[in-house]
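# Structural features, examined
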There are 2 protein chains.
Amino acid sequence: MTFDFEKGDGKNKKLLGGKGAGLCEMTRIGLPVPPGFVISTEVCLEYYKEGEKVPKGLMDEVRDHIRTIEKKTGKKFGDTQNPLLVSVRSGAALSMPGMMDTILNLGLNDETVVGLAKQTGDERFIYDCYRRFIQLFSKIAMQADAEKFDKKIEMLRDRSGAKFDTDLTTETLKKIVKEYKGLCKDETGKELPKDPYMQLGMAIEAVFRSWMGRRAVDYRKFNKITSDMANGTAVNIQTMVFGNRGADSATGVAFTRDPGTGENIFYGEYLTNAQGEDVVAGIRTPKPIVEMREELPKSYEELCKVREILEKHYKEIQDFEFTIEKGKLYLLQTRNGKMNAIATIKTSVDMFNEKLLRKDEALLRIRPDQIEQLLHRAIDPRITAKPVATGLAASPGAASGQVVFDADTAAELGSKGEKVIMVREETKPEDIHGFFAAQGVLTSRGGKTSHAAVVARGMGKPCVSGCEQIKIDSHLRLFTIGEKSIKEAEIITIDGSTGSVYVGDIPTVEPELPKELEQILQWADEKRKLGVRANADTPEDARKARKFGAEGIGLCRTERMFNAVDRLPIVQKMILAESEDERAECLSKLLPIQKNDFVEIFKAMNGLPVTVRLLDPPLHEFLPSMEGLLREITDMKAKNLDTKQKEEIFRKVKGLAEVNPMMGHRGVRLGITNPEIYEMQIRAIIEAAADLIKQGYDVKPEIMIPQVSMASELNSVKQNLERISQEIMKNSGVHVKYSFGTMMEVVRSCLTASKIAEYVEFFSFGTNDLTQGTFSFSREDAENKFLPRYLDQGILAFNPFETLDKEGVGRLMRIDIEDGRRKQTNLKVGICGEHGGDPESVRFCSTLGLNYVSCSVYRVVIARLAAGQEVVKAHDL
Amino acid sequence: MTFDFEKGDGKNKKLLGGKGAGLCEMTRIGLPVPPGFVISTEVCLEYYKEGEKVPKGLMDEVRDHIRTIEKKTGKKFGDTQNPLLVSVRSGAALSMPGMMDTILNLGLNDETVVGLAKQTGDERFIYDCYRRFIQLFSKIAMQADAEKFDKKIEMLRDRSGAKFDTDLTTETLKKIVKEYKGLCKDETGKELPKDPYMQLGMAIEAVFRSWMGRRAVDYRKFNKITSDMANGTAVNIQTMVFGNRGADSATGVAFTRDPGTGENIFYGEYLTNAQGEDVVAGIRTPKPIVEMREELPKSYEELCKVREILEKHYKEIQDFEFTIEKGKLYLLQTRNGKMNAIATIKTSVDMFNEKLLRKDEALLRIRPDQIEQLLHRAIDPRITAKPVATGLAASPGAASGQVVFDADTAAELGSKGEKVIMVREETKPEDIHGFFAAQGVLTSRGGKTSHAAVVARGMGKPCVSGCEQIKIDSHLRLFTIGEKSIKEAEIITIDGSTGSVYVGDIPTVEPELPKELEQILQWADEKRKLGVRANADTPEDARKARKFGAEGIGLCRTERMFNAVDRLPIVQKMILAESEDERAECLSKLLPIQKNDFVEIFKAMNGLPVTVRLLDPPLHEFLPSMEGLLREITDMKAKNLDTKQKEEIFRKVKGLAEVNPMMGHRGVRLGITNPEIYEMQIRAIIEAAADLIKQGYDVKPEIMIPQVSMASELNSVKQNLERISQEIMKNSGVHVKYSFGTMMEVVRSCLTASKIAEYVEFFSFGTNDLTQGTFSFSREDAENKFLPRYLDQGILAFNPFETLDKEGVGRLMRIDIEDGRRKQTNLKVGICGEHGGDPESVRFCSTLGLNYVSCSVYRVVIARLAAGQEVVKAHDL
């Protein structure tokens, strides 16, 4: 399984690796590539299958290929007069820059070096190559300690009075060669092999080995590269060419368009009389590619042609490497150019306009998750500030503000118009008013789906979570990072797109959506069948959602309204009420407030549906914590204060406490045992709708019940709903057309969907809770305790709270939809919650035939794109 | 839909009601039944369908039937000379004694009473009938207040100097009749109708109405009688006969065999010259039926024939009512006799031996849950003690002991051989050592599936739960019941079969299993395909389980071993260990202890499989509670003691604390993050097995992993298991044949059974957790917060933690079994946990094709019976 560059299939990256495929393809379309061949990835897999042994027959094939190269180049491997030198490079199906090994100048030994010196007339150059070869080969093929070589050359350089390696004289280089050979022997116990074929065999094996090297394995794990995506590395063996043979020689890297802006200009850098690694070393500053027009006009013209050929051929921006040896241009690599979101968007639209791409192709080029970075405020790119700590990029966007350590202080300062960043170990539902007030949130614990992350994303506020470097001392009201300590009220800036934390007020800039994005979203909208709605709890969010193209609100959480600063005391009084009357009084105070919330949201969404979820969390979430109360009581006792009242509250809070609140007295369970709460909410919704209809608005309320596990629960709530709505319609004389639906977030409701469908017009998957129920994972506990380990050990391939688990949760969804629609063909099925904004999950929802996804406001754009792309892809299949 | 007794289908209780069917059947087989007819239950349903209106045409049919009766009896309805009187009785498909209404002597009015007085020559008798009729009719058909009638007769009786109603003279009775008629008018605004047909129409409607009366509705709810079982009541209209017409008249009730012992003797009571209600009134003491042989020899002989005919015909013990009017015997009702467990068992075996029943029929006669009462110690039936409080009968059996209020005291006293009853508000996993030490448990909170109930049942110890009358003051070390207070160390007795709590040491008796039960269980064993195993954690339980016929241990919980008094400190030290070494040291101390546990259990189950579940609960369950620690620290601070160490423990406990521990860091999750714990347990199991095999024992260990949601989890544990077991086998030179399996208690594992089946030899359903996950109900929170309300409102028809939810959980189980067996045809599938001992759930498991159920030791017998019966029933269908 080895292929001459002329024979390899340039489309088959899986077999030839990215680099090998590129070399074959370029050879095939007539571009100047130094002769060579590829050992396929399958040989690498064979190597591991055989217990790390080079497969039989491989070296015979290699010899044949070398002979072909010898014929093409007129050089001979190991020849003392006109020796052939080759490079040996790794190359997997996916680019893994710097993760695997490369050996250059292979074929040099004490005899060939002499021949080459004579032939090139440049003894210094060739000894420089030789010492580089020895160091690289010893390290990579013979596992010698590279550092020792570095120390050695440093010592000899210093002793010779040279400043840089480039200052080394031929004599010194010869001495280094000699010392290096000794060092290799000392370090590895073996002589550096002289036989070029032996060198080549060892180099090939070294490349194979590097596939399972620590760096490469970690890289694949970190980047979630599975064996489906890249399995084994190919080995590319290619005639050496040199860009350091004088003023008519050069080396460089170029993009067919500007990868930063997407502009259709030739973009790149080069250095004359240099080798690739000189560019990397940073000793000389490379020149912009346009300067080549003056300096090497013939080569520049050739390169411009190459640029055109490559883009036309690949229909994609190419990132390619070239070397000019004594006026002759060689291409050493080409691959698709990595671009930021803006460039990807611009080039997609441009290439469509240039007829290089069809609309579908242009649409598919943008990864939906790339768009995220465009939607939020960012650190001003002109500023170079150094972060003091880094956590997880939990909710994108950048924000500055005073440090506060609790939600109450945040709310207090926030109400005065001050900007604050809430800094906590972790957040809880009772901190919600702090989120409202803060510009952003920083936590020292918790993952990307921790409470802080989820809530912040839902609100579109920046959040850095799990920033373990910061240690919070809430007593002293400060946090420390190493020796540094930051006090309350000091200003910090966080960047939730990168996870960075800065001290001070770092300027940020408002995002500007590139105009081409609108074009692409329009293409996506033309394609997609899946509706896209937003999760929004406030009129501001509703308006923003509309702006991003949301076709309605799929989840309006009423508990966030309960938590607002002006209402929480009433809510708490209602919960702690001693009598039915007292409770009724509190609810009657809440009614006009809730009603007004709905009036504002319905107005903002005039003409579009708004799904309101009735109260979901357990009541104790609105009360102070037991531990806090207990500590308070202790303090009060120490001061001889009367604790009777506090003890009474403690007793009640304890009475409401639950062992597993996630599966406790909440949602519809609460709605049934305490029907007065849902009744108040239903009244607020229907009255708000009736008022607005009178004023000429088009209101489409959808009432949704959380935590349903049985059809009988829905039946019970529905009876109350019908009674109240009929009463209001009768009194107001207005007909309110509402629809009634259920969250699908309890396993049992999915399993009994055909019964449940009898009572409702819509289902909305709450896949966060459904994932919890399906896995028996409590999200918060899982993320703090075992999920990281599971991901690390590969027990889980991905975090099921970020991306839908198709196998388990997805199967339940499928059962649910099939049974539900069989019973009621018009049933509307959606999904709300975090997964609704995850591109992979959106695609899955599209496959399942959902009517819509609903996601946080900022992810609406992402969902639109992902849904449109899915249709194109499905069509392609 | 009305039927003459000669025409009705005596098998169709659903249509004719139990009483009507019995009357028709007896008429058909030639027994002397006074002529009459039945209005079917369908007419009652029609009545409600029409909005509580008597269906058209009904009264025409009734008139036809009355004319038929008139022909048969020669009497005439409403005739002044020879009037016909009838009774109007309700009768649903299921017996609901006393819940619905009956009117006797209908047809009396001011004219017919005179005719009858003449005809019978007994004026007093007939006016007594008349006044009874007026009172009953006014109350039932005209909704008058019955109490007013009672007061009236009381007054007139007192005034006339009579002591009992029987002492009333004819004159007084006539006066009462007059006053009653006036009272009826005053109370209802209407005259008592004279027209017998009007009386009859009103009486029929009253019976229909009584079906939805408060009493009847509550009765059906309480007894879980659904509309499938009984829907609507029939109305039986029958010629009146009188047992109070002199010394040759009598009335009585008889059983064809003794319902208390099951002995084949004629059993019953009678009164001469009496009506049915005289027996109930208790003024005269009825005589045993044998005395009739002397007193009314002819009638006795007739009755003995009836007894024989009835039993042969019904193939069931009959409970029948009769009246003898002037020497002539009439049968008024027959139904299957209600018997206690012992009688049911004895009669089954007897009737099989007498060839009255086939084996299958005999086997089906015993309700499995009836057997429960036979398996436990009971209060000595010769003692008449009055309970001081009553809670829920949570775990059967009776026990006495000193009151203790915490597990530590229980353990301390228990270790000294003292008998204690642990009394707590509710129990928690950390109280487990208290359960081991106590004779029984009494809690003031929690239902029949609360922690206390489940653990006690698992151990076969008596438990009374949710005894809300008792108020515990753990500070004063006492509990109160109203004014009464019981201090620690006082003796109490609890009866978990009835829920009764007694003060003092009430003698109890050891249960004696009737010898016939063995016979019946043998029949069940012949039939059943479902295996029956026991849940047992100790050698004693294992031995007991074998005695009850368990075919292995289906669940041996290792955490109970961790909780034992001598181990808990080591376990806690292990959890709190600062270093890997310290933890390893603790585990190495636990290893020999665990190993010995297994040695003893394997010995006891020699030749039978033992399924050992590796550690399941989260580690914090083994540590003190946060609240307790916090209070301790507060106390210590008040005393100026050094709290540093406690604070450190508090910090650790807090670190381990979880938001939803049920779905947290436990089971296999813990096994993967802390592999050293499972490794120790695996080592203990395999080493124990190896040692015993060397000694010649036949050991069949099955290693079971809890909380699995993904195949990858099992893969990870399996690798460790194989490594360790191979190492032990190599070192010991013994081959240990073990099998590897998983709990099926997480929804996702059911949904991905085909993948999971690749790694295991068996599945064992943990339907408690599976029910929690499917409903999103946290059992403890549900039972304390909303489950009672759900059951009360009929949102749930049954408690899914007691009886398997076939629709939801059952569907998951079906998916799981089908997918699992498709992948691996030999897959063994069982169920362990509470549902495994619930007869209804056992039947369902049999239908699903499970290999075995495993239940608490005492329920093994119940499961054997239920499983055998299910096969017979399935065969019948």
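In what follows, the structure referred to is the one given above.
Report on the accompanying structure. The shown structure was predicted, so the numbers you read here are calculated from the model rather than taken from an experiment.

This next bit is on the interface of chain B and chain A. In this assembly, 57 residues from chain B lie in contact with 58 residues from chain A. On the chain B side of the interface with chain A, the three residues burying the most area are Met663(B), Arg748(B) and Lys785(B), jointly 13% of the side's total. Where chain B packs against chain A, one counts eight salt bridges. Among the ionic pairs, Asp819(A) bridges to Arg811(B), the shortest N-O distance being 2.6 Å.

Moving on, we come to the packing of helix α4 (residues 112-120) of chain A against helix α5 (residues 123-142) of chain A. Residues and elements named next belong to chain A. α5 packs onto α4 with a crossing angle of 145° between their chain directions and a minimal axis gap of 8 Å. For the element pair α4 and α5, the recorded crossing hand is right-handed. Touching Val 113, Val 114, Leu 116, Ala 117 and Thr 120 of α4 are Glu 123, Phe 125, Ile 126, Tyr 127 and Tyr 130, all from α5. Classifying every residue of the contact of α4 with α5 gives eight nonpolar, one polar and one charged.

Turning our attention to the relation of the copies chain B and chain A. Placing chain B over chain A gives an RMSD of 0.5 Å and needs a rotation angle of 180°, together with 0.2 Å of translation along the axis. Such a combination of turn and shift is consistent with a two-fold rotation axis. Relative to the rotation axis, the C-alpha of Asn660(B) is the closest in chain B, positioned 2.2 Å from it. Of the residues that chain B buries at the interface, 100% are likewise interface residues in chain A, meaning the two copies contact each other through the same surface.

So, on to a negative patch on the surface. A surface patch of like charges, here negative, comprises Asp145(A), Asp150(A), Glu154(A) and Asp158(A). Following the sequence through the fold, Asp150(A) ends up in helix α6 (residues 146-160).

Residue and element names in this part refer to chain A. Along the chain, Met 680 falls in helix α27 (residues 675-694). By relative accessible area, Met 680 is classed as buried at 5%. C-alpha separation for the pair Met 680 and Arg 457, spaced 223 residues apart in sequence, amounts to 29 Å. Apart from the residues lying within four places of it in its own chain, the contact partners of Met 680 are Phe 562, Leu 587, Leu 590, Leu 591 and Gln 594.

Residue and element names in this part refer to chain B. Pairing is antiparallel across the open sheet formed by five strands, whose spatial order is β1-β2-β7-β5-β6. Each end of this open sheet is capped by a strand with a single partner; those strands are β1 (2-4) and β6 (102-106). Here the average twist between neighbouring strands, direction ignored, is 20°. Pairing of β1 with strand β2 (residues 36-39) involves three bridges; the strand directions are antiparallel. What sits directly across from Asp 4, in β2, is Phe 37.

Bringing the sheet that holds strand β11 (residues 318-325) of chain B into the picture now. All names here are of chain B. Pairing is antiparallel across the open sheet formed by five strands, whose spatial order is β10-β9-β8-β11-β12. The sheet is open, and its two borders are formed by β10 (287-288) and β12 (328-336), each paired with just one other strand. Inspection of the sheet shows strand β9 (residues 267-272) paired to β10 by two bridges, in the antiparallel sense. The residue bridging Tyr 270 from the neighbouring strand is Lys 287, located in β10.

All names here are of chain B. Of all eight residues making up β11, seven are buried, and the element is well covered by its neighbours. Pairing analysis gives six bridges linking strand β8 (residues 250-255) to β11, with the strands arranged antiparallel. When the bridges of β11 are listed, Val 253 appears paired with Glu 321. Direction of pairing for β11 relative to β12: antiparallel, over a ladder of eight bridges. For Glu 325, the partnering residue across the bridge sits in β12 and is Lys 328. Between β11 and the antiparallel strand that follows it, β12, lie two residues; Lys 326 among them carries a positive phi value of about 50°.

All names here are of chain A. Summed over the entire model, instances satisfying the criterion amount to 40 aromatic pairs over all chains. Relative to Tyr 180, the ring of Phe 149 has its centre 4.9 Å away and its plane inclined at 80°; by these criteria the two rings are edge-to-face. Here Tyr 180 lies in helix α7 (residues 170-188) and Phe 149 lies in helix α6, a separation of 31 residues in the sequence. By relative accessible area, which is 0% here, Phe 149 ends up buried. Ring centres 6.3 Å apart and planes at 80° place the aromatic pair Phe 405 and Phe 479 in the edge-to-face group. Separated by 74 residues along the polypeptide, Phe 405 in the loop between β16 (398-404) and α16 (407-415) and Phe 479 in strand β21 (residues 478-481) bring together distant segments of the chain. A relative accessible area of 1% means that Phe 479 is categorised as buried. Through a chain of ring-to-ring contacts, three or more aromatic side chains come together here, namely Phe 266, Tyr 300, Phe 320 and Phe 322.

Located in the positive-phi region is Lys315(A), a residue other than glycine, with phi close to 50°. Turning to its location among the elements, Lys315(A) is positioned in the loop between α12 (297-314) and β11 (318-325). Overall, Lys315(A) belongs to the partly exposed group, its relative accessible area being 39%. Here Gln707(B), not a glycine, exhibits a phi torsion of approximately 65°, which is positive. Considering the arrangement of structural elements, one finds Gln707(B) in the loop between β29 (700-705) and α28 (711-732). Relative accessible area serves as the criterion here: at 0%, Gln707(B) is assigned to the buried category.

Turning next to the pattern of salt bridges. By the definition in use, this model includes 130 salt bridges over all chains. Its salt-bridge partner being Lys151(B), residue Glu147(B) comes within 3.8 Å of it at the nearest N-O pair. One end of the pair, Glu147(B), and the other, Lys151(B), are both in helix α6 (residues 146-160), four residues apart, so they sit about a helical turn from each other. Using a relative accessible area of 48% as the deciding quantity, one classes Glu147(B) as partly exposed. Connected through salt bridges with shared partners, the residues Glu559(A), Arg613(A), Asp616(A), Arg666(A) and Asp769(A) form a single ionic network.

About the cut-offs
Residues numbered from 1 in each chain as written. Chains lettered and ligands numbered in written order. Predicted model: local features only at pLDDT ≥ 70, side-chain atom pairs only at ≥ 80, totals over all residues. Heavy atoms only, no water. Contact = heavy atoms within 4.5 Å. Buried area = accessible area lost by both parts, 1.4 Å probe. Salt bridge = Lys/Arg side-chain N within 4 Å of Asp/Glu carboxyl O. Axes fitted to C-alpha atoms, helices over the stretch in contact; angles between N-to-C directions. Helix = DSSP H or I, 4+ residues; strand = E, 2+ residues; numbered from the N terminus. Left-handed = near helix turned anticlockwise from the far one by under 90°. Nonpolar A, V, L, I, M, F, W, Y, C, P; charged D, E, K, R; others polar. Least-squares fit on C-alpha atoms with pLDDT ≥ 70 in both. Patch = residues over 30% accessible without salt bridge, like charges linked within 9 Å, V, L, I, M, F, W, Y side chains within 5 Å. Areas by Shrake-Rupley, 256 points an atom, 1.4 Å probe, with all protein chains shown as cover. Lys, Arg positive; Asp, Glu negative; His and termini not counted. Charge placed at Lys NZ, Arg CZ, Asp CG, Glu CD. Buried < 20%, exposed > 50% of the residue type's maximum accessible area, 1.4 Å probe, protein only. Pairing = 2+ DSSP bridges. Phe/Tyr/Trp six-rings, centres within 6.5 Å; stacked < 30°, edge-to-face > 60°.

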